[in-house]
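Here is how the chains run, residue by residue.
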Amino acid sequence: MKVNIVDIPVHGLQLNITKNGDELQAIAGEVDFIILSPVSANLSLSKTDGEILMYGNMASIIKQHCARCLKQFEHKISSKIDIVYTIEPECGKKEKELSSEEIRTNDLEGNEIDIDVVLLEQLSLDIPIRAVCKSDCKGLCPKCGADLNQEKCSCPVIEQIDQRFAKLKELKLNKK
Ligand SMILES: [Zn+2]
Ligand SMILES: [Zn+2]
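Throughout what follows, the structure given in this document is the object of discussion. Everything numeric here is computed off the predicted structure, so don't read it as measured data. (Residues numbered from 1 in each chain as written. Chains lettered and ligands numbered in written order. Predicted model: local features only at pLDDT ≥ 70, side-chain atom pairs only at ≥ 80, totals over all residues. Heavy atoms only, no water.)

## Brief notes about the overall build of the chain
Reasoning step 1: Counting secondary structure elements, the chain contains four helices and six strands.
Reasoning step 2: Counting from the amino terminus, helix and strand elements in the chain follow one another as β-β-α-β-β-β-α-β-α-α.
Reasoning step 3: Here the chain, with 176 residues, has 30% of them falling under the buried criterion.
Reasoning step 4: Long-range contacts, defined here as pairs at least 24 residues apart, represent 55% of the contacts in the chain between residues at least 6 apart.
Reasoning step 5: When the accessible surface of the chain is split by element, carbon and sulfur atoms take 51% of a total near 12,200 Å². (Helix = DSSP H or I, 4+ residues; strand = E, 2+ residues; numbered from the N terminus. Buried < 20%, exposed > 50% of the residue type's maximum accessible area, 1.4 Å probe, protein only. Contact = heavy atoms within 4.5 Å. Areas by Shrake-Rupley, 256 points an atom, 1.4 Å probe, with all protein chains shown as cover.)

## A word on the pairing of strand β4 (residues 51-65)
Reasoning step 1: Of the pairings in the sheet, the one linking strand β3 (residues 33-47) to β4 comprises 12 bridges and is antiparallel in character. Residue I35 lies in a different strand from β4, and its bridge partner there is I62.
Reasoning step 2: Connecting β3 to the next strand, β4, in antiparallel fashion are three residues.
Reasoning step 3: In textbook terms, the turn of a hairpin is the stretch between consecutive antiparallel strands, and for β4 and strand β5 (residues 72-86) this stretch comprises six residues, one of which, L70, has a positive phi near 70°. (Pairing = 2+ DSSP bridges.)

Dropping the structure here:
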C-alpha cells in the first residue's frame, strides 16, 4: 500500500490498516521469522511545510526460533511508529531533476510513502535478536542435542565455563 503525499489533505489522513502477514513476508524476503496475520496499524499522517509526519502504532505476531532450544515460538510485537519525512518544497514538481542527495528524505521515493515497507521496517526493529521462548528455557544439551526442557539426557554435566575463564584458571594454577 502506497500513499502519495499529494493526497494527504490539510487536516491529515487517518489510516486503519489490517494486512495479511504473507504480503509483508514476501517483501521481507529471506528472514528468520514468520509474520503471522493479521498485521494491524493505526497511522496518522499530516503534512506541514516541508515535512510529512507519520505517527501511530502497529501490532503483529511473529514466529521465530528460540535462541536456546531452537524451537519456534510466537512473539507479540506492538510498537509505536513516529517518522518524519523531509521533503524539499519543490520536489513535487522537479522531483526527477533532483538527485537523491538533494532531496532529503527518509526513504521517501518520489512522492510516495510505501506503508508496507514502513510496517516491515518497524517490525524488524522490534524483533529481539536473541529471543528465548521463555526466560528459563534450559536450551539444548551441547553434547547430544536433547531438549533439556523436556528430558534430562545422560550426558555428564559439563562445567559451564567459558574457554577464556578456563585459560584464566590454568594461569592461576600455574602460578602456585
Ligand atoms: Zn527455548
Ligand atoms: Zn546430552
